[in-house]
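Coordinates in review
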Amino acid sequence: MHSADGTLVPLSEIVTVVPARRELSIFHKDLLPVVYVTGDMAGSIDSPLYGMFDIRDRIDRELGLEQWLLSQPANPYDDNIKWDGEWQVTYKTFRDMGIAYSVGLILIYLLVVAQFRSYLVPLVIMAPIPLTIIGIMPGHALLGAQFTATSMIGMIALAGIIVRNSILLVDFINQQLREGAAFDTAVIEAAAVRTKPIVLTALAAMAGGFFILDDPIFSGLAVSLIFGPLVSTVLTLVLIPVVYYGVMHGRVSKMLAQ
């Protein structure tokens, strides 16, 4: 330090050094004392959930502390671990996405019921929706991509695309039946005639996915849009005619007999 006349003054002449322990911050949540332990992931696996579950297993084996993932500890005065942060964000995101997916499927079913005046035909039309999983999950594994919230958005979008393809097939079958064609002939011709528009629809969705494949956020959406239609379109062209023939053959035969 400098004195009034500008000369240097040793710090030891004006202060007394006393060794002491630094007081740490005391945190509370819901009026209860808590200790926050934070961490982050680095390396090839950047998702914190993998590290969280690994630590959770080690705590179970070595410490035996009770851990809570979704709800608050039953007894906050005992030693507990409440997982929060990125885990809560991920859980709530996929929970809300799952609810949105379920609501979307219900609305699709109701719309198709109104279109075909049947409660059974919409089930046949929506049967290929789970087939998107056959393409999406192996696609993520093949590219080494993680299944994220945007991947779930892609699944929801594909549900509408797949239903559209199924409607094209079923509507063509019904149109052929009204024109007097045999049921088995109508089913075969539906798969042959409607293949081109269905494949073009799938290629359009896949082409759009390639442009965002390297995006750090929307890469999961791209993988869903590429591998989902790739597999589900091929299976839809086989599944819908076969299932529709198996379910409706007896009904159509009775209607024609009357």
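Whatever comes next refers back to the structure up there.
Residues numbered from 1 in each chain as written. Predicted model: local features only at pLDDT ≥ 70, side-chain atom pairs only at ≥ 80, totals over all residues. Heavy atoms only, no water.

Details of a nonpolar patch on the surface
Just so we agree on the cut-off: Patch definition: residues with relative accessible area over 30% and no salt bridge; like charges joined within 9 Å; nonpolar side chains (Val, Leu, Ile, Met, Phe, Trp, Tyr) joined within 5 Å. For every accessible area listed, the method is Shrake-Rupley and the probe measures 1.4 Å; residues are considered covered only by the protein chains on display. Salt bridge, as used here, is a side-chain nitrogen of Lys or Arg placed within 4 Å of a carboxyl oxygen of Asp or Glu. The numbering of helices and of strands both runs from the N terminus, where a helix is a DSSP run of H or I of at least 4 residues and a strand a run of E of at least 2.
On the surface, Ile99, Val103, Ile106, Leu107 and Leu110 cluster together into a nonpolar patch covering about 470 Å² of accessible area. Structurally, valine 103 is set in helix α2 (residues 86-116).

Quick look at helix α6 (residues 183-193)
Stated formally: For each residue, the accessible area found with a 1.4 Å probe, counting protein chains only, is set against the maximum for its type, and the residue is called buried under 20%, exposed over 50%, and partly exposed in between. The directions considered for the arc are those from the helix axis to the C-beta atoms.
Those residues of α6 lying buried are Phe183, Ala186, Val187, Ala190 and Ala191. Buried residues along α6 cover an arc of 130° about the axis, so they all sit on one side. α6 presents Ile188 and Ala192 as exposed residues on the side facing more than 90 degrees away from its buried surface.

Section: the layout of surface pockets
This is how the line gets drawn: Cavities and pockets are defined on a 1 Å grid built over the protein atoms alone: a cavity is a set of grid points where a 1.4 Å probe fits but cannot escape, while a pocket is an open set with protein on both sides within 12 Å along at least five of seven lines, and lining residues are those with an atom within 4 Å of any such point. Grid points are joined across faces, edges and corners, and a volume is the space filled by probe spheres set on the points. Charged means Asp, Glu, Lys or Arg here, nonpolar means Ala, Val, Leu, Ile, Met, Phe, Trp, Tyr, Cys or Pro, and polar covers whatever is left, Gly included.
Looking at the largest pocket, its volume works out to about 1200 Å³. Lining the largest pocket are 33 residues, with Val35, Val37, Ile81, Lys82 and Trp83 sitting closest to its centre. Contributing elements (two or more residues each) for the lining of the largest pocket: β2 (32-34), α1 (48-62), β4 (80-82) and α2. Residue contributions to the lining of the largest pocket peak at six residues, all from α1. Looking at the lining of the largest pocket residue by residue, the class counts come to 19 nonpolar, six polar and eight charged.

Some points on the packing of aromatic side chains
Formally: Note on ring pairs: Phe, Tyr and Trp rings are taken, using the six-membered ring of Trp, and paired if centres are within 6.5 Å. Classes follow the plane angle, with under 30 degrees stacked, over 60 edge-to-face and the rest tilted.
Using the criterion set out here, one finds six aromatic pairs in the structure. Ring geometry for phenylalanine 183 against tyrosine 245: centres 5.4 Å apart, planes inclined by 15°, an arrangement best described as stacked. With phenylalanine 183 in helix α6 and tyrosine 245 in helix α8 (residues 219-257), the pair connects residues that are 62 residues apart, well separated along the chain. On the basis of relative accessible area, phenylalanine 183 is assigned to the buried category, the value being 6%.

Re the environment of alanine 186
Convention followed: It only takes one pair of heavy atoms within 4.5 Å for two residues to be counted as in contact.
Mapped onto the elements of the fold, alanine 186 is located in helix α6. Separated by 14 residues in the primary sequence, alanine 186 and phenylalanine 172 have C-alpha atoms spaced 7.8 Å apart. Those residues in contact with alanine 186, other than ones at most four positions away along the chain, are Phe172, Ile173, Gln176 and Leu177.

Considering the packing of helix α4 (residues 131-143) against helix α5 (residues 149-178)
Heads up, the condition is: For helices, the fitted axis covers only the stretch in contact; all axes are lines through C-alpha atoms, and the angles between them, taken along N-to-C directions, range from 0 to 180 degrees. The labels follow the angle: roughly parallel below 35 degrees, roughly antiparallel above 145, roughly perpendicular from 65 to 115, and oblique for the rest. If you view the pair so one helix is near and one far, a crossing is left-handed when the near helix is turned anticlockwise from the far one by less than a right angle, and right-handed when it is turned clockwise.
Between α4 and α5, the shortest axis-to-axis distance is 11 Å and the interhelical angle comes to 150°. By the angle between their directions, the pair α4 and α5 is classed as roughly antiparallel. Crossing of α4 against α5: the hand is right-handed. Note on element contacts: α5 touches α4 through Ser151, Met155, Leu158 and Ile162, opposite Thr132, Ile133, Ile136 and His140. The residue inventory of the contact of α4 with α5, partitioned by class, reads five nonpolar, three polar and no charged.

Considerations on the pattern of salt bridges
Evaluated as defined, the whole model comprises three salt bridges. Close ionic contact of aspartate 84 with lysine 29 constitutes a salt bridge, the shortest N to O distance being 3.6 Å. Separated by 55 residues along the polypeptide, aspartate 84 in the loop between β4 and α2 and lysine 29 in strand β1 (residues 27-29) bring together distant segments of the chain. Using a relative accessible area of 34% as the deciding quantity, one classes lysine 29 as partly exposed.

Remarks on the nonpolar core
Put simply, the rule reads: To define a nonpolar core, start from buried Ala, Val, Leu, Ile, Met, Phe, Trp, Tyr and Cys residues and group those joined through side-chain atoms within 4.5 Å.
With 33 residues, the main nonpolar core has Val121, Ile125, Ile129, Val163, Val170, Ile173 and Tyr244 as its most contacted residues. Where this core is concerned, the elements lending two or more residues are α2, α3 (121-125), α5, α6 and α8. The residues contacting isoleucine 173, other than those within four sequence positions of it, are Phe183, Ala186, Val187, Ala190 and Tyr244. Leu49, Ile59, Trp83 and Trp87 belong to the second-largest nonpolar core, a separate cluster that totals seven residues.

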